[in-house]
Amino acid sequence: MKKSFTLFLSVLLCVAIVFSLTACKKDEVQGLVKDKDGKTGTLWIGNTAASSGTYATVGVPFNYGLEAYLYQYNTNGGYQQDDVTYNVRLKTYDDAFVGATGLSYTQKLVEEDKVFALVGHFGTNTVAATLEYIEEKGVPMFYAATGISALYNADAKGNAARIMPVQPIYDGEGSVLLATAFASVENGGLGGTKVGVLYTDDDAGLGLYGGIMSEAAKLGKTGDVVYQQVSASATEANTQVTAIKNAGCDVVIIASNQGPLATIGASLKNSAYSGKMITSYVSSNTVTMGTLAQQGIISEEREMYATGWLDIVDHTDTAELLGYSSEYWDFARCMNAYEAYKTGKTGDEASTVTSPYAANAYAMAGYIAAHMFCEVLDRVEESDDKLTWETFVEYAEKEKVNIPMGEYIDFSGGKRTGVTGLSLTRYTHEYTTEGEGSSAYYNSLGTLVRGLKSLEELEAGISGK
């Protein structure tokens, strides 16, 4: 009897110890890990991104830009709390742009790696497959590298408020694409009279299509828009392109991601279409457009335009800036410094290093994601509060968050609507080749047609509205 009672007391003691340890862990912040010295530590963030497959040309530079800014942030002191200096570090997995794989890795990041937040949550497929899970877990998701409609929320509350998109959301961009197609050239548009829309049957294409349809009705232009759906996995779109061409469309909107853009573009070339083409910001970079120009898709007869949510042009005409904004040069210096670090260059030798991503739009996006995330961290650091999921959202909503090379985003009051002011860039049919052998890639020169402009401003320049 005594032996049984002693065993009973031992079990009770073990339960009490386990309960005590669990209670302590609840007071800890997930992802904020102190080193043994108690003076330094790591703040872990995570994402899954395509570093293999078709979309590696997006995922690799995106994560490079993200990690480059974190390197700069940590070099400048990192995040400080309770006399502990935390370096912010990224844990990332390659999902090859497969939604199911992205979900599995996202679960691993949250439940096993215990990251504080998902930053630069990457790609339409993975974001779509994980949003429900992320909201259920309540982990902050800051900056989605996509614009799917499911991200749009004008009045987010509870865990939904912890999902904080930055990039333009497809629905809103679709409205801007159509307004740009019809707006006068003098007002930063393409001056179209009849517009064709080739949209894919995936999240990107359908989201853009929804915004285009809504804007056409708003402008009273429903009869001046011709729609053709293309399968996102199609190898050609000849039938749909022929219908657009025969309808006499002088502007065609290619409402798709980067992969289908090339397929649709090839069919436009094959049909000898000679109007203007315009597509989403997701393809607005010199490498993607350089490949299209090299293939003859972009030509003197077929001009290509793309929206953008950044503006890297120097509008002050300052000679030493060489035509680019000071914020662009901040980005380029960050990329170059990180490249020097990665290649082990120091001193005078480091100052001569040039990153291969110093002009890459996807690297800019990753840099911006990290920059904005760390801006919110700095707000928490400067306050008397401790970093938690709740305080991170609170300080993200306190005031507008600056967008490097852009404007700002306003998360206040649960607004989760993405950026709405967009620019327009024209890409030339001329291109340059870089690299050797199988690693060769092409660059097209992009020329800014207009700076960041709101939908309302564009609508004001549409005749017959």
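Structure's up top.
Procedures and definitions
- Residues numbered from 1 in each chain as written.
- Predicted model: local features only at pLDDT ≥ 70, side-chain atom pairs only at ≥ 80, totals over all residues.
- Heavy atoms only, no water.
- Helix = DSSP H or I, 4+ residues; strand = E, 2+ residues; numbered from the N terminus.
- Rg over C-alpha atoms; globule rule 2.2 N^0.38 Å.
- Buried < 20%, exposed > 50% of the residue type's maximum accessible area, 1.4 Å probe, protein only.
- Contact = heavy atoms within 4.5 Å.
- Areas by Shrake-Rupley, 256 points an atom, 1.4 Å probe, with all protein chains shown as cover.
- Lys, Arg positive; Asp, Glu negative; His and termini not counted.
- Charge placed at Lys NZ, Arg CZ, Asp CG, Glu CD.
- Axes fitted to C-alpha atoms, helices over the stretch in contact; angles between N-to-C directions.
- Left-handed = near helix turned anticlockwise from the far one by under 90°.
- Nonpolar A, V, L, I, M, F, W, Y, C, P; charged D, E, K, R; others polar.
- Pairing = 2+ DSSP bridges.
- Phe/Tyr/Trp six-rings, centres within 6.5 Å; stacked < 30°, edge-to-face > 60°.
- Lys NZ or Arg CZ within 6 Å of the ring centre and 35° of its normal.
- Salt bridge = Lys/Arg side-chain N within 4 Å of Asp/Glu carboxyl O.
- Expected span 1.5 Å × (residues − 1).
- Bend = angle between axes of the 7 residues up to and from the residue.

**Student:** Even after reading the chapter, I still don't get the overall build of the protein chain, so can you show me in this structure?
**Tutor:** Within the protein chain, the regular secondary structure consists of 14 helices and 16 strands. Computed over C-alpha atoms, the radius of gyration of the protein chain comes to 24 Å, within 12% of the 23 Å expected from 2.2 N^0.38 for 465 residues, which places it in the range of a compact globule. Along the longest, intermediate and shortest principal axes, the C-alpha atoms of the protein chain span 95 × 55 × 45 Å. Counting the 465 residues in the protein chain, one finds 50% classified as buried. In the protein chain, 70% of the contacts between residues at least 6 apart in sequence involve partners at least 24 apart. If you sum the accessible surface of the protein chain, you get close to 20700 Å²; carbon and sulfur atoms cover 51% of it. Charge-centre separation for the protein chain: the mean point of 34 positive side chains lies 6 Å from the mean point of 56 negative side chains.

**Student:** Looking at this structure, I do not really get the packing of helix α2 (residues 56-75) against helix α12 (residues 361-382). What am I missing?
**Tutor:** When two helices pack together, their arrangement is given by the angle between the helix axes and the distance between those axes. Put simply, α2 and α12 touch, their axes get as near as 6 Å, and they point 35 degrees apart. Viewed along their axes, α2 and α12 form a crossing whose handedness is right-handed. Along its contact with α2, which presents Thr 57, Val 58, Pro 61, Phe 62, Gly 65, Leu 66, Tyr 69, Leu 70 and Tyr 73, the element α12 presents Tyr 362, Ala 363, Ala 365, Gly 366, Tyr 367, Ala 369, Ala 370, His 371, Cys 374, Leu 377, Asp 378 and Glu 381. Grouping the amino acids of the contact of α2 with α12 by side-chain chemistry returns 15 nonpolar, four polar and two charged.

**Student:** Help me understand the sheet that holds strand β16 (residues 441-453) in this model?
**Tutor:** To summarise the sheet geometry, strands pair through backbone hydrogen bonds and adopt either a parallel or an antiparallel arrangement. In space, the seven strands of this open sheet follow the order β9-β8-β10-β11-β12-β15-β16, with mixed pairing throughout. Of all the strands in the sheet, the pair left with one neighbour each is β9 (225-230) and β16. Each strand axis lies, on average, 25 degrees off the axis of its neighbour in the sheet, ignoring direction. Where strand β15 (residues 422-434) lies against β16, nine bridges are found, and the strand directions are antiparallel. Bridging across to β16, Tyr 427 finds its partner in Gly 446. Against the sheet, helix α9 (residues 286-294) makes contact with β11 (276-279), β12 (304-308), β15 and β16, and its axis sits at roughly 120 degrees relative to β16, the strand it touches most.

**Student:** Looking at this model, I keep getting lost on the packing of aromatic side chains. Mind explaining?
**Tutor:** Both the distance between ring centres and the angle between the ring planes are used here to describe each pair of aromatic rings. Taken as a whole and assessed by the stated rule, the structure comprises 26 aromatic pairs. Between the aromatic rings of Tyr 55 and Phe 97, the centroid separation amounts to 3.9 Å while the plane-to-plane angle is 20 degrees, which identifies the pairing as stacked. With Tyr 55 in the loop between β2 (40-49) and α2 and Phe 97 in the loop between β4 (84-94) and α3 (99-111), the pair connects residues that are 42 residues apart, well separated along the chain. Following the ring pairs from residue to residue traces out a cluster consisting of Tyr 69, Tyr 73, Tyr 324, Tyr 328, Trp 329, Phe 331 and Tyr 367. Over the ring of Phe 182 we find Lys 221, and its NZ or CZ is 5.0 Å from the ring centre. If you follow Lys 398 out to its NZ or CZ, it ends over the ring of Tyr 395, 5.3 Å from the centre.

**Student:** When you look at the pattern of salt bridges in this model, what are you seeing that I'm missing?
**Tutor:** Side-chain pairs of opposite charge can arise whenever the charged atoms involved come near each other. On inspection of all chains with the given rule, the structure shows twelve salt bridges. The partner of Asp 155 in a salt bridge is Lys 157, and the shortest N-O contact between them spans 2.6 Å. For Lys 157, a relative accessible area of 56% gives the class exposed. Between Lys 415 and Asp 410 there is a salt bridge whose closest N-O contact spans 3.4 Å. The exposure class of Asp 410 is partly exposed, given its relative accessible area of 23%.

**Student:** Explain helix α4 (residues 124-137) to me, please; I cannot follow it from the model alone.
**Tutor:** Note on helix geometry: an α-helix contains 3.6 residues per turn, so any two residues three or four positions apart are oriented the same way. In a regular helix each residue adds 1.5 Å, so 14 residues correspond to 20 Å; α4 covers 20 Å between its end C-alpha atoms and thus fits that length. Largest kink in α4: about 45 degrees, centred on Thr 130. Restricting attention to buried positions, one finds in α4 the residues Thr 124, Thr 126, Val 127, Thr 130, Leu 131, Tyr 133 and Ile 134. Where α4 ends, the next residue or the one after it, Gly 138, has phi of about 80 degrees, a positive value.

**Student:** Sorry if this is basic, but what is going on with the side chain of Thr 126 here?
**Tutor:** By the secondary structure assignment, Thr 126 is in helix α4. Judged by its relative accessible area of 1%, Thr 126 falls in the buried class. When near neighbours in sequence (up to four residues on either side) are disregarded, Thr 126 contacts Thr 48, Asp 95, Val 98, Gly 99, Gly 102, Thr 106 and His 121.

**Student:** How do you make sense of unusual backbone geometry when you look at a structure like this?
**Tutor:** One can expect most non-glycine residues to show negative phi and most peptide bonds to be in trans. You will see that Ala 96, though not glycine, has its phi angle at about 55 degrees, which is positive. Within the secondary structure layout, Ala 96 lies in the loop between β4 and α3. Ala 96 sits in the partly exposed class, given a relative accessible area of 33%. Look at Asp 317: it is not a glycine, yet its phi comes out positive at around 60 degrees. Along the polypeptide, Asp 317 turns up in the loop between β12 and α10 (326-342). Using a relative accessible area of 70% as the deciding quantity, one classes Asp 317 as exposed.

**Student:** It is not clear to me how α2 should be interpreted in this structure. Could you clarify?
**Tutor:** Counted at 1.5 Å a residue, the expected span for α2 with its 20 residues is 28 Å, and the 28 Å between its end C-alpha atoms agrees. Burial of α2 is extensive: 14 of the 20 residues sit out of reach of the surface. Backbone geometry just after α2 places Gly 77 at a positive phi near 125 degrees.

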